[in-house]
Structure formats: structure tokens, C-alpha cells
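Here is what each chain is made of, one letter per residue.
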Amino acid sequence: MANVSRLQTGYNNLPAETPQPLPVPPGGGGGDDGGSGISARQIFGTLRRHKLLIGGLALVGTTIAWLVANQLAPVYQAQADMVVEPQSRDVMRPGMDSTQQPIDYRAMETEASKLRGERLARQTVLALGLDKSPLYNPELAPPEQSRLRAIFQPVLQILRLSDAPAKPQVSPEEVERRLAAMTPQARERLVAQIADAWLGGLSTQTNPNSLVLTVRFRAADPQIAAASVNQAIRTYIDDQKKEKSEGPLEMMKFLSSRIDDARAKVVEAERNLAKFRAENAMYDTSDASALTKTLADVRAQLLAAEQVATQRELGVKQGVSADGAGSGLLADVASAEKEFQAVASYAAPGHPEYMKAAKRLAAVRARLNEERQRSAANLQAEAKAARENANKLKAEVDRLERELKRQTEGSAQLRALQTELDTAKQLYSTLLTRLQEVNVLASVDKKGDAKQINEATAPVFPIAPRKELIVLMAFMASLALGVGLSIGIELMDSGFRSVHQLEQQTGVAALGMVPYQSAGRLRRGHKPWLNVVDKPNSAFSEALRTIRTGIALSSADHPQRTVVVTSSVPGEGKTTTALSLAAASAASGARTLIIDCDMRQPSLHKNLAVENDAGLAEFLSGQRDLEDLVQVEPKTGLYYVVAGKRPPSPTDLLGSLRMRRLLQQLGDAFDLVVLDSPPVLAVSDALLLVRQTDTTIFVVRWEKTRRDVATTGIKMVYEAGARLSGIVLSQVDLRRHAQYDYTDSGAYYYRGYRRYYGDG
């Protein structure tokens, strides 16, 4: 241990450590290989990597579709054409021959619906004897075999492990016996069920430009398909003939009953009209016109009489006669008064002249009063007579108005009764005419309008299922599913696949990648780091030398002697990388020391197959001297210090001044000191070491470490003040990595590269 004895001296002369400025990581891109888009090469690479998944899904999907398609019963379709004249004849339509009526082509759909009707379906089912067929009668169907066996039956037949299962048949005698044992109600229900199932295979197609109706039927038996089409057409034609022969008879019965009702209505209408004429004395509707004219004349007379009566009554009030009676006596009175005034002017009242003049004046006045009384009596009599005449005319007007109102109401009711009678007579006449026409139709039109053009024949090839199409569609669908799953797996991949991808995501340079050493490629009990010595020309050894070179070139001005190897989380190959790097350095002749700084979960001693009784923890706590703890691995010449027993507070020991002095002294004594530290996201121990060493290596496991986890760990290392040389992508599966279309894909694997490496 003389080589390390000088490490104990000079601790008190160590200068205090000056904190280094925190480096800022460069911004990284988001692409995988330097581009922002997805290239065709990447897409084909994705499909190539998942070719087993895609091919397996396509094979499984196609096989399942082939098995299912072989289980589908074949469907045969037969068809025939027929000419149909729709039964749209209107026997109640007068003045047109039934053969001349225009054809409503929309009624073709009605005739097609009649052909597909339930009544005709039952007749066809019974005519075909489908109640005795095991295809339609479930009681006669053979028992079904297991669904799973039925699916794999084609495979068993191809492998000659099984023969096609024989279908048991029911004898005709047994069929008749079973049908005879059924009750009429059960037989009716059975026929109805078979008719519904049979209608499911029947279809029709009309042509709007012709009277041709195409009838099709689909069935599992080609003979039944053809027989169903022909029988359906025959049943329809027979039913149409029956309808045409029975229709006129039914129409005659209907018309006869309607004629009796019409005749009764005519008689009733005539009776009501006669009764009304008799009760209201209305025989001529022109009486109302004469009455209206008379009423107008009487109203004119009434108006003149009213005017005369009003004048007479006004004269009575004023005392003036209409003929000017007493006008002469007034002149006499005026003359007598004048004469009396003249006598009175010169004679006294007792004078004979005075007395004579006064007597004469009194006599004239008496005659005037008498004339006035007589004239007033005449005037009152004339006014009374004029008023009586006006009242009589008014009464006549009222009477005429009442009579006219009665005549008007009666005329309207009379016209209604007359119209009702005319309508009843017209209906009665029409029914008689149509009854005669129906009699003619019943005697001459005895054949149906439908005619079958061609006979349906049993088809040779089924129309469904189209097994080739089903298998092809299943193959395309399963292939698309495989491609979709492959792309989905790629999109959900959160790990790093390439050093270029790692650099762009984190913004930190990558030192290289370490191939994965599977257990199958290692001898029993052999450690991966020993490949540096046992196989110096292998890809693994070359990867470690590349990393070592990258560390040396990371700082040309200052030699990188103390190196911390850390990671984000456990299980990323941090210890293997650190030990392999140290072994590669020692194998090259450099004085190299590795220290296990993970006091919580130490693993260096396990890889070196040594005890962990005393180590770094005992030295930092002052219990042991460093020269007693430094050991040498004999095969590589690598110096090492294990972690030792777990202390109460590893963080305090790693952050102590004793640890800083130790690292400074070791950097002077060795060409390279490698510190295997704990993961930064687990504990903060490594964050204390990164500021005390020359550089740091960050290990990320290929494919497994999540990108966000790695990015977070690198950020914590930078924030702690580390001088990061780069990132190492560990445990890379070279065979799978070669399938990716990155620029470093295939390194250490392609034949062009592999000739540079060897197993020895």
C-alpha cells in the first residue's frame, strides 16, 4: 500500500473550495433525428420493428375470418319475371270502359306488396310443403354441433383429423306423424312462423317504365329457392284470377244493396216535398216575386199618406184650413171695424149711427167665428181620415212583409227538398247503370291480368357469403389494426432510442452508448465489466473507450481526473458503466480508482465479489485510514474503495470538508478517479459530489428511462453546479437499435461496422 501512503498528508493545507457558477443547459429540439417532421424512412422503420406484431395480427385475423366464413351457410338466389297489370280498375267510375282506364304505375308497388303479403305467403308455404323441410321446421332440424368444433372443423378436415359431420335425416313417415300429432292451433302457429321466415328471403323489384315485376328468393337450398319463386308467382296469379271472378259478384251484391237504399231515399224525398207544398200552399216559386212588387207599391202609398196626414195634423194645430175658409169674412170684419171707427169718431155711443155700426160689426164677427168653428171641424175630420188611411197602409205593409218572409223561407226549404230529390234520383240512376256494367264484366272477363314471363331455375353458385372478400377484408382490417397498434406503441414510447434523440431532448451532448450484455452472451458468474479485459476488441469495450475519450476531450485546458457517474433513478446501469469505465482506464495502463459513494444501496462490492466490511463511510467518519481501505482488483489493476457500512447520515459525510480534501488528494494521486454515486431523484447525495469533482457523467437507460424523468435529473445536476461532460445511453440492445432509422442506428451491429470489432 505504499503507492497510496502519501494520500494521508497535507489535509490542513487544502484551500477552501470556491463555488463554481451554475452552467445552463442548452435548449434542445423536440425531434427524434434532427427533423421536425416524420419521414417515410421512419414510418417504414416503425413497421419493420413491429413486423412480427403486424404479421401476427394479420395472420390471426385472416385465419379467424377464414374459419368464420367457412361456417357461414351458402345463400342461393333464384329469380323470375312476370307481367302485372295492377288491379286499379274503378268499377264505380261511369262513362269509361275498364280496359281504357289509365294505369297508375305506382300501383305496381301495391301489387308487389300483395305478392309479399302474409296470406299468400302461407298459401305458398303449404303448397311447397316447407312445414316438412328441416330448413324451416325447427322440430325437424338436426341437432347443432359445438360452435367451437364447427369453427375448427375445416382445419381438422384439411389436416385429415376429422371427417365432415353427417347430418341426421328424419324419415317422411316420422315427419307426417309429428305433423299429425300437432293441434290445429299449434299447426297454425307453425305455419305462421315458417311464413315469416320464408318472407325474409322473398324480395321484389318493380320497373317504373314497364309492367314487369321481378321476383327473387334467397335460400340455403338452390332447389327451394327456385321452387319458391315459381310457386309465389303461381299463387299470386291464382289469387288474382279468384279475385277477378269473385270481385264482380261481390260488387253486384254491394250495388244491389245500394240500389235498394237509393230507391228508398227517392221515395222519401218525394214524400217530403209533397207534404211541404201541401202544408205551406207553395206550388210556384214565382209568387214571392209578385209579392215583393206589391209590397213596394204599398210602401210608396204609405209614404204619400204619411205626408198628407202630417200636413192635416199640422193645419189643425195652426187653425188654418187647407182650402182658405173664412178669408172673405175677414175682409168683411175689417171693413165693419173701419166703418165703426169712422162713426165712433164723430158719434157718441148711444147715437143711432154708432149703434148701427156696432151692431153690424158684431154680426160680421159672429159669422166669422161660426165659419171658423165649421172650418176647424172639417180640418180635424180630414186629418183624422188621412191618419186612418196611413195606418191602414202601414198594416198592409206589415202583412205583406210577413207574407214575403214566409214565402222566402218556404222557397229555400222547398228548393232544398227539390235538390235532395234530384240527388237521390241521380244516384239511383248511376247505380242502376253500374249494375248493368258489372253484369257485363262478370260475363266476359274471366282471366287474370298477370303472366309469368320465365321460369326460375336452381342456381349453381351461391351469391353469399363471398368468402374471398370476407378473408380479404379481414386481412386488410387486421393489417391496418397491426399498423395502428405499431404506430400507437411508437407514439406512447417515452424512452430514448438514440443518442441523437437524447441530445435533442435534453440539450446535452452524448458521450456514447453502452451495449447491453445479455446473460446468454456471458459465462456463468461472469460480470459485464470484465469484457473490457476479456474482450478488448468487442463493441462493449470500444464503447467504454469512446466514453473515456469523450471525457478527456470535454475540457482540453483542465484534465478531467475526478468523475462522478450518476443517473436519475435506480436500475439504469450506473454502477456497471462506472466500473466498466474505470476498468477500461486501468486496462489502458492509467492509475485508476473507483469509489462506491452510494452508501445507502452499495453495489460495487457485489460486482467485484468482495466484502463490504469497511469502506468510504468508515474513512469519512474517521474510523479507518484510507490506505487500509484502498484495494486492487488483480485482473485489471484497478484500485477500488467500497462504500462500507451504512452510516446514519450519508449526506453529511459526502458534503463534509474531509470528502472535499479527499477528492483533491485523489485527483493528484490518480490519473482517473470514478465516483459511483446514488440516483439524483432518489437522494441528494450525488448533488453534493458533482460540485466537488472535475466532471460528471449522466447515465440514461436505453428505451426504459422516461424522457421527463431523465430531463428532470439532468436539470437537477446542472442546478447543483455540475460540470457535465455528457450523457451515456446504457444497456442498448444493438439488434433492436439497428432497426431504428437514426443516424447512429446499427453502430456496432451492421456488418460494415462489425468487422472492426471482435469477440477477443
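What counts and what doesn't
- Throughout this description, residue numbers start from 1 for each chain and increase along the sequence as written.
- Only residues with pLDDT of at least 70 are given local features in this predicted model, and only at 80 or more are side-chain atom pairs given and counted; all residues enter the totals for whole chains, interfaces and linings.
- Derived side-chain values reflect all non-hydrogen atoms in the structure, with water molecules and hydrogen atoms excluded from consideration.
- Side-chain rings of Phe, Tyr and Trp (the six-membered ring for Trp) are treated as a pair once their centres are within 6.5 Å; stacked means planes under 30 degrees apart, edge-to-face means over 60, and tilted covers the remaining angles.
- Secondary structure counts use DSSP, requiring at least four H or I residues in a row for a helix and at least two E residues in a row for a strand, with both numbered from the N terminus.
- Partly exposed residues are those whose accessible area sits between 20% and 50% of the maximum for their type, while under 20% is buried and over 50% is exposed, using a 1.4 Å probe and protein chains only.
- Counted as over-ring charges are cases with an Arg CZ or a Lys NZ within 6 Å of the ring centre that also lie within 35 degrees of the ring normal.
- Pairing between strands is defined by DSSP: at least two bridges between the two strands are required.
- Contacts are assigned to residue pairs with any non-hydrogen atoms lying within 4.5 Å of each other.
- Geometry is summarised by axes, namely lines fitted to C-alpha atoms with helices restricted to the contacting stretch, and by angles between N-to-C directions that run from 0 to 180 degrees.
- By definition in this entry, angles of less than 35 degrees are roughly parallel, angles greater than 145 are roughly antiparallel, angles of 65 to 115 are roughly perpendicular, and the rest are oblique.
- Should the near helix be turned anticlockwise from the far one by less than a right angle, the crossing is termed left-handed; should it be turned clockwise, right-handed.
- Gly counts as polar in this scheme, as do all residues outside two lists: the nonpolar Ala, Val, Leu, Ile, Met, Phe, Trp, Tyr, Cys and Pro, and the charged Asp, Glu, Lys and Arg.
- Of all possible arcs, the one meant is that of the directions from the helix axis to the C-beta atoms.

Q: Explain the packing of aromatic side chains to me, please; I cannot follow it from the model alone.
A: The description of two aromatic rings rests on the distance between their centres and on the angle between their planes. Evaluated as defined, the whole model comprises two aromatic pairs. Taken together, a centroid distance of 5.4 Å and an interplanar angle of 65° make the contact between Y639 and F670 edge-to-face. In this pair, Y639 sits in strand β9 (residues 638–641) while F670 sits in the loop between α20 (657–669) and β10 (672–676), placing the two residues 31 residues apart along the sequence. You can call F670 buried: its relative accessible area is 1%. For the cation-ring pair, R591 lies above F670, with the distance from its terminal atom to the ring centre recorded as 4.9 Å. The side chain of R658 reaches across the aromatic face of F619, ending 4.3 Å from its centre.

Q: I keep staring at the sheet that holds strand β3 (residues 212–219) and nothing clicks. Help me out?
A: Strand pairing in a sheet takes place through backbone hydrogen bonds and is either antiparallel or parallel in direction. Sheet architecture is open: four strands sit in the order β2-β3-β1-β4, paired in antiparallel fashion. At either margin of the open sheet sits one strand with a lone partner, and together these are β2 (202–206) and β4 (451–452). Where β2 meets β3, five bridges bridge the pair, whose relative direction is antiparallel. Bridging from a neighbouring strand, L202 pairs with F217 of β3. Taken strand by strand, helix α3 (residues 107–115) contacts β1 (76–83), β2 and β3, and its axis lies near 165° from that of β2.

Q: What is the right way to look at the packing of helix α13 (residues 499–506) against helix α22 (residues 707–719) in this model?
A: The angle between the axes and the distance between the axes are what describe a pair of packed helices. Relative orientation of the contacting elements α13 and α22 amounts to 60°, with a least axis distance of 10 Å. Between α13 and α22, the interaxial angle falls into the category oblique. Judged by the sense of rotation from one axis to the other, the crossing of α13 with α22 is right-handed. Residues Q501, Q505 and T506 of α13 lie in contact with α22, whose contacting residues are R707, T711 and I714. Looking at side-chain class alone, the contact of α13 with α22 contains one nonpolar, four polar and one charged residues.

Q: Explain the environment of M716 here, please?
A: Of note, M716 is situated in helix α22. According to the relative accessible area criterion, M716 is partly exposed, its value standing at 26%. For the pair M716 and L681, spaced 35 residues apart in the sequence, the C-alpha separation amounts to 8.4 Å. Excluding residues that lie within four positions of it along the chain, M716 makes contacts with V680, L681 and L687.

Q: What is the right way to look at the environment of S256 in this model?
A: Among the secondary structure elements, S256 is positioned in helix α8 (residues 222–280). For S256, a relative accessible area of 32% corresponds to the partly exposed category. Along the sequence, S256 and L432 sit 176 residues apart, while their C-alpha atoms lie 8.6 Å from each other.

Q: Can you help me understand α13 in this one?
A: In an α-helix there are 3.6 residues to a turn, and that puts residues three or four apart on one side. Within the span of α13, buried status applies to V499, Q501, L502 and T506. Axial view of α13: buried residues confined to an arc of 155°, hence all on one face. Packed against the buried residues of α13 are β5 (510–515), β11 (695–701), α22 and β12 (724–732). Backbone geometry just downstream of α13 places G507 in the positive-phi region, at approximately 80°.

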